[in-house]
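# Remarks on the overall topology
If you want the building blocks of each chain, they are given just below.
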Amino acid sequence: MGTVIMHNVVSLDGFIADENDAVGPLHDWYFSGDTPIIEGADQQYDHSGAGTGFKVSRASAEYVRPMWEAIGVIVMGRRLFDLVDGWEGRPPAGDHVVVVSHRPKPEGWHPEASYHFVDDVRAAVDKAQELAGERTVAVNAGEVGAQILAAGLVDEVAMDMVPVVFGSGKRFFGDIEGQHLLEDAHVVIQGDRVLHLKFRVRRRS
């Protein structure tokens, strides 16, 4: 099975959005360079939300591009699904999306899209790994990601750390309890206004 990676852009003090789900300057680095993350990308849905597509520094592109290309499935919570309307059935990476939710898929919502609604985090990861095969399962950070990490189902934590302090908001690790040890960072890449970090999760003996 493929690697399960918990990932998000994050502030220095550990927030992925403010109290109103606004990301503020967290995503500015996505537009600060001249190198597209996805070359020849489908422009029918603008994932950047800016009408320009993602253009980052060369260092960031060399890190993000292969990471996105390796993704087979994205696992997300219902709150994010509702906020972005599931990217109108066109995820920014991967071919499938698993949504952790006690509510079903909205009736008539993009029936052509491979979106699967599951009400349990373990079942969600099982379904994602089934769909992904040997490809990566990318879990969005936040409450759902934290639940998956706490369940011992995350292999790596990937953080795109932006030099801003939010003070409050939605936490990268949600309301996770207890200590969870990670290995030393095995990826450290300096981009333009972002530091890319990856940590393997230390398995409990």
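Rules of the game
Residues numbered from 1 in each chain as written. Predicted model: local features only at pLDDT ≥ 70, side-chain atom pairs only at ≥ 80, totals over all residues. Heavy atoms only, no water. Pairing = 2+ DSSP bridges. Helix = DSSP H or I, 4+ residues; strand = E, 2+ residues; numbered from the N terminus. Axes fitted to C-alpha atoms, helices over the stretch in contact; angles between N-to-C directions. Contact = heavy atoms within 4.5 Å. Buried < 20%, exposed > 50% of the residue type's maximum accessible area, 1.4 Å probe, protein only. Polar contact = N/O pair within 3.5 Å; in protein donor to acceptor, adjacent residues only side chain to side chain. Salt bridge = Lys/Arg side-chain N within 4 Å of Asp/Glu carboxyl O. Phe/Tyr/Trp six-rings, centres within 6.5 Å; stacked < 30°, edge-to-face > 60°. Expected span 1.5 Å × (residues − 1).

### So, the sheet that holds strand β5 (residues 71–77)
Strand order in this open sheet of eight strands is β7-β6-β5-β8-β1-β9-β12-β11, and the pairing throughout is mixed. Looking at which strands have only one partner, the edges of the open sheet turn out to be β7 (115–118) and β11 (187–190). Recorded for the sheet is a direction-independent mean angle of 20° between the axes of neighbouring strands. Alignment of strand β9 (residues 156–162) against strand β12 (residues 195–200), held across six bridges, turns out to be antiparallel. Along β12, the bridge assignment pairs Asp160 with His196. This element, helix α3 (residues 121–132), spans β1 (4–11), β5, β6 (96–100), β7 and β8 (136–140) of the sheet and lies at about 175° to β6.

### Thoughts on the side chain of Arg78
Along the chain, Arg78 turns up in helix α2 (residues 78–84). Since its relative accessible area comes to 10%, Arg78 is described here as buried. Reaching out from Arg78, the side chain makes a polar contact with the backbone oxygen of Arg103 at a distance of 3.0 Å. Contact partners of Arg78, with chain neighbours within four places excluded, come to Val99, Val100, Ser101, Arg103, Pro104, Pro106 and Phe117.

### Looking at the pattern of salt bridges
Overall, the coordinates contain nine salt bridges when judged by the stated rule. Between Arg203 and Asp155 there is a salt bridge whose closest N-O contact spans 2.4 Å. On the criterion of sequence distance, the pair formed by Arg203 in the segment after β12 and Asp155 in the loop between α4 (143–150) and β9 is long-range, its members being 48 residues apart. Its relative accessible area of 44% is what places Arg203 among the partly exposed residues. On the basis of relative accessible area, Asp155 is assigned to the partly exposed category, the value being 27%. A cluster of three or more residues bridged by salt bridges with shared partners is formed by Asp21, Arg79 and Lys170.

### Quick notes on the packing of aromatic side chains
Per the counting criterion, the structure on display carries eleven aromatic pairs. Consider the rings of Phe81 and Trp109, whose centres lie 5.0 Å apart with planes at 65°: the pair is edge-to-face. Of this pair, Phe81 sits in helix α2 while Trp109 sits in the loop between β6 and β7, placing them 28 residues apart in sequence. Both residues of the pair, Phe81 and Trp109, belong to the buried class. Grouping aromatic residues by their ring pairs yields a cluster made of Trp29, Tyr30, Phe31, Phe54 and Trp68.

### Details of helix α1 (residues 58–70)
Residues spaced three or four apart along an α-helix point in a common direction, a consequence of the helix completing one turn every 3.6 residues. With 13 residues, α1 should cover 18 Å at 1.5 Å per step; its first-to-last C-alpha distance of 19 Å lies within 8% of that length. Looking only at α1, the buried set comprises Ser60, Ala61, Tyr63, Val64, Met67 and Trp68.

### Focus on the environment of Phe54
Relative to the helices and strands, Phe54 resides in the loop between β3 (35–36) and β4 (55–56). Taking relative accessible area as the criterion, Phe54 reaches 18% and is therefore assigned buried. C-alpha separation for the pair Phe54 and Phe31, spaced 23 residues apart in sequence, amounts to 5.7 Å.

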